[in-house]
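Coordinates in review
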Amino acid sequence: MDELADAVRAAAAEGLRVKAVGTGHSFTAAAATDGVLIRPGLLTGIRDIDRAAMTVTVEAGTPLKRLNAALAREGLSLTNMGDIMEQTVAGATSTGTHGTGRDSASIAAQIRALEMVTAAGEVLRCSPQENPEVFAAARIGLGALGVVTALTFAVEPVFLLTAREEPMSFERVTSEFDALVAENEHFEFYWFPHTGNCTTKRNNRSAGPAAPPGRISGWIEDELLSNAVFQVACSVGRAVPAAIPSIARISSRALSARTYTDIPYKVFTSPRRVRFVEMEYALPRSEAAGALRELKAMVERSPLRVSFPVEVRTAPADDIALSTASGRESVYIAVHLYKGTPYQAYFTAVERLMTERAGRPHWGKVHTRDAAYLSEVYPRFGEFTALRDRLDPDRVFANDYLRRVLGD
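First, a word on what this report is: a plain description of the structure on this page.

Rules used throughout
Residues numbered from 1 in each chain as written. Predicted model: local features only at pLDDT ≥ 70, side-chain atom pairs only at ≥ 80, totals over all residues. Heavy atoms only, no water. Helix = DSSP H or I, 4+ residues; strand = E, 2+ residues; numbered from the N terminus. Buried < 20%, exposed > 50% of the residue type's maximum accessible area, 1.4 Å probe, protein only. Pairing = 2+ DSSP bridges. Contact = heavy atoms within 4.5 Å. Axes fitted to C-alpha atoms, helices over the stretch in contact; angles between N-to-C directions. Arc of directions from axis to C-beta. Disulfide = S-S within 2.5 Å. Phe/Tyr/Trp six-rings, centres within 6.5 Å; stacked < 30°, edge-to-face > 60°. Lys NZ or Arg CZ within 6 Å of the ring centre and 35° of its normal. Salt bridge = Lys/Arg side-chain N within 4 Å of Asp/Glu carboxyl O. Patch = residues over 30% accessible without salt bridge, like charges linked within 9 Å, V, L, I, M, F, W, Y side chains within 5 Å. Areas by Shrake-Rupley, 256 points an atom, 1.4 Å probe, with all protein chains shown as cover. Core = buried A, V, L, I, M, F, W, Y, C linked by side-chain atoms within 4.5 Å. Polar contact = N/O pair within 3.5 Å; in protein donor to acceptor, adjacent residues only side chain to side chain.

**Remarks on unusual backbone geometry**
- Cis geometry marks the peptide bond from Gly208 to Pro209; its omega dihedral reads 5 degrees.
- Inspection of the secondary structure puts Pro209 in the loop between strand S12 (197–206) and helix H7 (215–239).
- If you check the backbone angles, His194 has positive phi at about 75 degrees while not being a glycine.
- Looking at where His194 falls in the secondary structure, it is placed in the loop between strand S11 (186–191) and S12.
- In this structure His194 comes out as buried when scored by relative accessible area, which is 17%.

If you want it as structure tokens, here you go:
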């Protein structure tokens, strides 16, 4: 901690910019710098477990996969999480990483306290009781307010989730979307462009017993079909774009319905070995069906060939200034293309649809929005930038990305 504070003070004194980087999972240049780059590889592990308060304090550089496994050994779990756990806890929360949930929100919304080194090289501890105005904003801080060194999360006794995965038509899932969200604690689906087919996933708490996927059947679904075969399909589609619609029709029927029960992180997360580029926007949840139908119509009437499914998730409203769900129930629509495939035309068309509905881009994924646009769709944008002016007036933590999305 002292070494980190000294490094920030020394860099500021020399007029150098400072950025902390996690595992590099972000698709944006949020952590890029021409100054001092801080890698938190040694800032890892659980600092404290408070079973009375049901919280865990963890060093900022801890990967989520290590935190999840360590909590499970202690009989504990986060309430909700995303579907990838390679990120550090600070990187994931600083960019607003989320899963899907009717009642439970993003990982950042589960933060109960945090600690960070400010531009002045001071260690600042924040919670609803201590520096509450900083805590309110810094849970999703984009690295603009300081270098996060530790996070305290709410946890609960480990529980079981039953996952029910099954195919469903695009028309049915969009027409019944509100009911599906209301009936399930965690609902998400994937639509395969060039088809009318979707794969849905419903996760709900279960009394047990645990019934994880069988070793062979799980490998077939999660590794062979979802990764190895899909990798080949994407490679063929990149080489021969005209084949993509036919491949999509086959891919969309490859995964069969299945039900399994396990501890949360083994249900929420999945191996993702096929490399891709991603854009994701959060819309008011009431816009979900209309936006998806318009997206489908746009793909069908265009020359675009899209090999990756579109992912749809939800979140309740939260109270974090720069959260994509700040102040409104949200639906997340994420589009992907296989790495190496030209994505600009597709992403530009999708972004136009999203911004027409006051969409908020994921801070760690591809987008072209700037401070002028973002200040219109985030009611508390000015609150965040005012706090930034106070904590980092000399812009020690600035970079090109922050200049674009937050302004000078």
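More follows now that the structure is in view.
**Some details on the sheet that holds strand S14 (residues 276–284)**
- If you trace the eight strands from one edge of the open sheet to the other, you get S13-S10-S12-S11-S15-S16-S14-S17, paired in antiparallel fashion. The open sheet terminates on both sides in strands that have one partner only, identified here as strand S13 (258–262) and strand S17 (360–361).
- As defined by bridge partners, strand S15 (residues 310–315) adjoins strand S16 (residues 330–338) across five bridges and the pair is classed as antiparallel. When the bridges of S16 are listed, Ala315 appears paired with Ser330.
- Packing of helix H10 (residues 288–301) onto the sheet brings it into contact with S11, S14, S15 and S16, and relative to S16 it is tilted by some 20 degrees.
- Across the sheet, helix H11 (residues 344–355) touches S14, S15 and S16, and the angle it forms with S14 is around 10 degrees.

**Quick word on helix H2 (residues 64–73)**
- Those residues of H2 lying buried are Leu64, Leu67, Asn68, Ala70 and Leu71. Burial along H2 is one-sided: seen end-on, the buried residues are contained in an arc of 170 degrees.
- In this structure, the buried side of H2 is in contact with strand S3 (46–50), strand S4 (55–59), strand S5 (76–77), helix H3 (89–94), strand S8 (147–154) and helix H9 (264–268).
- Following H2 by one or two positions, Gly75 has its phi on the positive side, about 75 degrees.

**Focus: the state of the cysteines**
- For the structure shown, the criterion picks out zero disulfides.
- Among the cysteines around Cys198, which has no disulfide bond, Cys234 carries the closest sulfur, lying 17 Å off.

**Side note on the packing of aromatic side chains**
- Throughout the structure, instances matching the rule amount to 10 aromatic pairs.
- Relative to Phe276, the ring of Phe27 lies with its centre 5.9 Å away and its plane at 35 degrees, an arrangement referred to as tilted. In this pair, Phe27 sits in the loop between strand S1 (18–20) and strand S2 (36–38) while Phe276 sits in strand S14, placing the two residues 249 residues apart along the sequence.
- Among the aromatic side chains, those forming a connected cluster through ring pairs are Phe27, Phe230, Phe276 and Phe308.
- Directly above the aromatic system of Tyr373 lies the positively charged group of Arg369, at a separation of 5.2 Å from the ring centroid.

**Examining the pattern of salt bridges**
- Tallied over the entire structure, the rule returns 27 salt bridges.
- In this structure, Arg47 and Glu115 form a salt bridge, with 3.2 Å as the shortest nitrogen-oxygen distance. Separated by 68 residues along the polypeptide, Arg47 in strand S3 and Glu115 in strand S6 (residues 111–117) bring together distant segments of the chain.
- The class for Arg47 is partly exposed, based on a relative accessible area of 38%.

**Here's the deal with the environment of Leu43**
- When you line up the elements, Leu43 lands in the loop between S2 and S3.
- Accessibility expressed as a relative area gives 22% for Leu43, which makes it partly exposed.
- Counting along the chain gives 97 residues from Leu43 to Ile140, while the straight-line C-alpha distance between them is 19 Å.
- Apart from residues no more than four positions distant in its own chain, Leu43 is found in contact with Glu59, Ala60, Gly61, Thr62 and Thr149.

**A few points about the pairing of S14**
- A large share of S14 lies buried, amounting to nine of its nine residues.
- Pairing of S14 with S16, which is carried by nine bridges, proceeds in the antiparallel orientation. By the bridge assignment for S16, Leu283 is matched with Val331.
- Taken together, the two bridges between S14 and S17 define a ladder with antiparallel strand orientation. What sits directly across from Ala282, in S17, is Arg360.

**Remarks on a nonpolar patch on the surface**
- A contiguous nonpolar surface patch, about 230 Å² in accessible area, is contributed by Val232, Val236 and Val240.
- Mapped onto the fold, Val236 is located in helix H7.

**Topic: the nonpolar core**
- In this structure, Met116, Phe153, Leu322, Trp363 and Leu406 are the most contacted members of the largest nonpolar core, which totals 59 residues.
- Met116 has contacts with Glu122, Val123, Leu124, Val134, Ala138, Leu145, Gly146, Val147, Val148, Thr149 and Leu391, leaving out every residue within four places of it along the chain.
- The next biggest cluster of nonpolar side chains, apart from the first, holds 35 residues, and it includes Met279, Leu304, Ala349 and Leu353.

**Section: the environment of Thr269**
- Following the sequence through the fold, Thr269 ends up in the loop between H9 and S14.
- Discounting chain neighbours no more than four positions away, the residues touching Thr269 are Met81, Gly82, Asp83 and Met85.
- A distance of 2.5 Å separates a polar atom in the side chain of Thr269 from the backbone oxygen of Tyr265.

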